[in-house]
Number of protein chains: 2
Amino acid sequence: MKVVVIGAGNVATHLAKAIYAANVQVTQVWSYHNQNAQTLANQINAKAIANLNEIDLDADVCLISIKDDAIADIANQLKDFRGLIAHTSGAVNLEVFANHFENYGVFYPLQTFSKSKDISFADIPLCLEANNESSLTRLKELAGKLSKNIVEINSEKRKMLHLAAVFACNFTNHLYELADEILKANQLEFDILRPLIVETAAKVQNAFPLDVQTGPAIRNDEQTLIKHQELLLQQPQLLEIYKILSDSIKKTI
Amino acid sequence: MKVVVIGAGNVATHLAKAIYAANVQVTQVWSYHNQNAQTLANQINAKAIANLNEIDLDADVCLISIKDDAIADIANQLKDFRGLIAHTSGAVNLEVFANHFENYGVFYPLQTFSKSKDISFADIPLCLEANNESSLTRLKELAGKLSKNIVEINSEKRKMLHLAAVFACNFTNHLYELADEILKANQLEFDILRPLIVETAAKVQNAFPLDVQTGPAIRNDEQTLIKHQELLLQQPQLLEIYKILSDSIKKTI
């Protein structure tokens, strides 16, 4: 199987490296920034192409891993491609490829990727969708080489899954950041919170979050809630977030 | 060293069991609910006492691990105690013990505890404060048997640390719960998010959250932000949380 990768950002890089590590050939990499394409291509023994019209029209799979808003435009430029074309986005509909292609799909790895941190694909849910059975079979073949966690999911549900992931990951990481702001303002190190953060995530691996919620809001500990809000009087945005999340927790009691 | 534990909730239970496992004798357990005291006492070869006036006045350490609002009242009832008295709260000032006792302190384990999940104390930050050097030495001696992560911190900073921990743990777990609500409403299983949750916590173990933030808000991906908000139109509280956290992330760019 020959794969072409369009994009060289976080997701494209981790995915392309995982495909390469699974002994599947990535032949070409394209990016808006040729230097990024070159950097990625060098790591996986591929060729960086500077123009989309250099794409190997006979490659088996073209994975588009770029920002959501640009997928339709890039697909339009690739309409001579004859293989299976798929994007890796959580939010973009499968039908972005309709009319242009015979075989198309979605290959959405549900994970957070950072350039600085390597990650094993073995447990990452790979969320697949395709326009026909043969496309789905091919996506499953590729996915199966990377992960044992393969999920078929349609565009409607994938959108909701992506939204849920924003709450569970992006917002969560931002709460870590807000905690770090509070610590910094008090000459405390983020180090001290790291075991707590790991355990908070570990607890919901074998339980549901509703069943392991702790803290003053779930205990309805009004005195502590009021004291905390007093500590945030000079930071209206943190205070607002404190209030809305505490109120939301109380509604689950 | 002989320790008396006042309380039999999540923190008291995990702490008492860890002390017992470290070969320190817990002689007595008291709780508002004698049955809970009995359950804990049975696990650690201690005696459950039904009345505070049965407390061993000669024990070396009395650890008060009950809800914040009740600490002052319980301390008042223990004023004949001659050993070192300490509470385990993040939010209550050391001075709650002043005037009543000669030796007192704080022994605050910075972690989230659930009855259903065992936990190793080895890495848990034990945050200590005491009214004099000999009290601090004794607290350090006890803490050193449980963890290698011992932090001296005064009441003012501990309050801020506790507040930061609410953001990093209680609110974070609630975001997991909101994600689960979104999944459930779309017939999706929480299982699919679990690898993402673990990785989100793992990423900040060797990095700062600001440096590994991902998602539509940090990318300023307006189309996805708008689409997500449309998906939440029927859930005003989730929509409000989505907006306020996305706006807060954007301010970090």
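Residues numbered from 1 in each chain as written. Chains lettered and ligands numbered in written order. Predicted model: local features only at pLDDT ≥ 70, side-chain atom pairs only at ≥ 80, totals over all residues. Heavy atoms only, no water.

## Brief notes about the overall build of chain A
Turning to step 1, where the next piece is worked out: When helices and strands are counted, chain A shows eight helices and eight strands.
Turning to step 2, where the next piece is worked out: When its C-alpha atoms are laid out on the principal axes, chain A stretches across 65 × 35 × 30 Å.
Turning to step 3, where the next piece is worked out: Relative to its 253 residues, chain A shows a buried fraction of 58%.
Turning to step 4, where the next piece is worked out: Partitioning the contacts of chain A with sequence separation of at least 6, the portion at a separation of at least 24 is 52%.
Turning to step 5, where the next piece is worked out: Carbon and sulfur atoms provide 45% of the accessible area of chain A, an area that totals close to 10500 Å².
Turning to step 6, where the next piece is worked out: Side-chain charges of chain A comprise 23 positive and 29 negative groups, with the mean position of each set lying 2 Å from the other. (Helix = DSSP H or I, 4+ residues; strand = E, 2+ residues; numbered from the N terminus. Buried < 20%, exposed > 50% of the residue type's maximum accessible area, 1.4 Å probe, protein only. Contact = heavy atoms within 4.5 Å. Areas by Shrake-Rupley, 256 points an atom, 1.4 Å probe, with all protein chains shown as cover. Lys, Arg positive; Asp, Glu negative; His and termini not counted. Charge placed at Lys NZ, Arg CZ, Asp CG, Glu CD.)

## Side note on the UniProt feature "domain: DUF2520" (unreviewed entry) in chain A
Turning to step 1, where the next piece is worked out: Within this structure's numbering, the places UniProt gives as "domain: DUF2520" (unreviewed entry) are residues 124–248 of chain A.
Turning to step 2, where the next piece is worked out: Between the end C-alpha atoms of residues 124–248 of chain A the distance is 30 Å, and the span holds 62% helix and 6% strand. (UniProt positions renumbered as here; feature names shortened; annotations may be inferred.)

## Things to note about the interface of chain B and chain A
Turning to step 1, where the next piece is worked out: At the junction of the two partners, chain B supplies 89 residues and chain A supplies 90 residues.
Turning to step 2, where the next piece is worked out: Around 8800 Å² of area is buried between chain B and chain A when both sides are counted, 67% of it from carbon and sulfur atoms.
Turning to step 3, where the next piece is worked out: Our enumeration of links across chain B and chain A arrives at two salt bridges.
Turning to step 4, where the next piece is worked out: With a closest N to O distance of 3.1 Å, Glu199(B) and Lys117(A) form a salt bridge.
Turning to step 5, where the next piece is worked out: Inspection of the region where chain B meets chain A yields 38 residue pairs in polar contact (both at pLDDT 80 or more).
Turning to step 6, where the next piece is worked out: Mapped by element, the contributors of at least two residues to the side of chain B that touches chain A are α5 (155–185), α6 (194–203), α7 (222–231) and α8 (236–250) of chain B.
Turning to step 7, where the next piece is worked out: When residues in the side of chain B that touches chain A are grouped by element, the largest group, 25 residues, is from α5(B).
Turning to step 8, where the next piece is worked out: Partitioned by chemical class, the residues of the side of chain B that touches chain A number 49 nonpolar, 24 polar and 16 charged. (Buried area = accessible area lost by both parts, 1.4 Å probe. Salt bridge = Lys/Arg side-chain N within 4 Å of Asp/Glu carboxyl O. Polar contact = N/O pair within 3.5 Å; in protein donor to acceptor, adjacent residues only side chain to side chain. Nonpolar A, V, L, I, M, F, W, Y, C, P; charged D, E, K, R; others polar.)

## Looking at the relation of the copies chain B and chain A
Turning to step 1, where the next piece is worked out: Superposition record for chain B on chain A: RMSD 0.1 Å, screw rotation 180°, translation along axis 0.0 Å. What the rotation and shift describe, once combined, is the action of a two-fold rotation axis. The C-alpha atom lying nearest the rotation axis in chain B is that of Thr172(B); the distance is 2.6 Å.
Turning to step 2, where the next piece is worked out: Taken as a fraction of all interface residues of chain B, those also at the interface in chain A reach 100%, which identifies the copy contact as same-surface. (Least-squares fit on C-alpha atoms with pLDDT ≥ 70 in both.)

## A look at the packing of helix α6 (residues 194–203) of chain A against α5(B)
Turning to step 1, where the next piece is worked out: It is at 10 Å that the axes of α6(A) and α5(B) come closest, and there the two elements cross at 15°. Judged by the inter-axis angle, α6(A) sits roughly parallel to α5(B). Of the two elements, α6(A) crosses α5(B), and the hand of that crossing is right-handed. Judged by residue contacts, Leu196(A), Ile197(A), Thr200(A) and Ala201(A) of α6(A) engage Ala165(B), Ala168(B), Cys169(B), Thr172(B), Asn173(B) and Tyr176(B) from α5(B).
Turning to step 2, where the next piece is worked out: The residue makeup of the contact of α6(A) with α5(B), split by class, is seven nonpolar, three polar and no charged. (Axes fitted to C-alpha atoms, helices over the stretch in contact; angles between N-to-C directions. Parallel < 35°, antiparallel > 145°, perpendicular 65-115°, else oblique. Left-handed = near helix turned anticlockwise from the far one by under 90°.)

## A look at the nonpolar core
Turning to step 1, where the next piece is worked out: Ranked by size, the top nonpolar core spans 130 residues in total, and within it Ile6(A), Phe167(A), Leu193(A), Ile6(B), Phe167(B) and Leu193(B) carry the most contacts.
Turning to step 2, where the next piece is worked out: Look past the residues within four positions of Phe167(B) in its chain and what remains in contact with it is Leu175(A), Leu178(A), Ala179(A), Ile182(A), Leu232(A), Leu238(A), Ile241(A), Tyr242(A) and Thr172(B).
Turning to step 3, where the next piece is worked out: Core analysis: the second largest hydrophobic core is formed by 33 residues, Ala16(A), Ile44(A), Ile119(A) and Leu126(A) among them. (Core = buried A, V, L, I, M, F, W, Y, C linked by side-chain atoms within 4.5 Å.)

## Examining the sheet that holds strand β1 (residues 2–6) of chain B
Residues and elements named next belong to chain B.
Turning to step 1, where the next piece is worked out: Spatial ordering of the open sheet is given by β3-β2-β1-β4-β5-β6-β7-β8, a layout of eight strands whose pairing is mixed. In this open sheet, the two strands that pair with only one neighbour each are β3 (47–49) and β8 (150–152). Across the sheet, the mean angle from the axis of one strand to that of its neighbour is 25°, orientation sign disregarded.
Turning to step 2, where the next piece is worked out: As paired elements, β1 and strand β4 (residues 61–64) share four bridges and run parallel to each other. Bridging across to β4, Val5 finds its partner in Leu63. (Pairing = 2+ DSSP bridges.)

## Notes on the UniProt feature "domain: Pyrroline-5-carboxylate reductase catalytic N-terminal" (unreviewed entry) in chain A
Turning to step 1, where the next piece is worked out: The UniProt record annotates "domain: Pyrroline-5-carboxylate reductase catalytic N-terminal" (unreviewed entry) at residues 2–80 of chain A.
Turning to step 2, where the next piece is worked out: Structurally, residues 2–80 of chain A comprises 37% helix and 23% strand, and the distance from its first C-alpha atom to its last is 17 Å.

## A look at helix α1 (residues 10–21) of chain B
Residue and element names in this part refer to chain B.
Turning to step 1, where the next piece is worked out: A rise of 1.5 Å per residue sets the reference length of α1, with its twelve residues, at 16 Å; its end C-alpha atoms lie 17 Å apart and thus fit the reference within 8%.
Turning to step 2, where the next piece is worked out: For α1, the complete set of buried residues consists of Ala12, Thr13, His14, Leu15, Ala16, Ala18 and Ile19.
Turning to step 3, where the next piece is worked out: Of the residues trailing α1, Asn23 is marked for its positive phi of about 65°. (Expected span 1.5 Å × (residues − 1).)

## Some points on the domain arrangement of chain A
Residue and element names in this part refer to chain A.
Turning to step 1, where the next piece is worked out: Taken domain by domain, chain A consists of domain 1 (2–153) and domain 2 (158–250).
Turning to step 2, where the next piece is worked out: Between domain 1 and domain 2, the C-alpha centre-to-centre distance is 35 Å.
Turning to step 3, where the next piece is worked out: Across the contact, 14 residues belong to domain 1 and six residues belong to domain 2.
Turning to step 4, where the next piece is worked out: For the pair domain 1 and domain 2, the summed buried area comes to about 770 Å², and 63% of that belongs to carbon and sulfur atoms.
Turning to step 5, where the next piece is worked out: Looking only at domain 1, the three residues that lose the most surface to domain 2 are Gly90, Tyr108 and Ile153, adding up to 46% of its buried area.
Turning to step 6, where the next piece is worked out: In this assembly, domain 1 and domain 2 are joined by one salt bridge.
Turning to step 7, where the next piece is worked out: Of the charged contacts, one joins Arg158 and Glu129 as a salt bridge, the two residues approaching to 3.0 Å between their closest N and O atoms.
Turning to step 8, where the next piece is worked out: Summed over the shared surface of domain 1 and domain 2, the number is four residue pairs in polar contact (both at pLDDT 80 or more).
Turning to step 9, where the next piece is worked out: Of all the secondary structure elements, the ones that give two or more residues to the side of domain 1 that touches domain 2 are β6 (104–109) and β7 (126–130). (Domains from an automatic or database assignment.)

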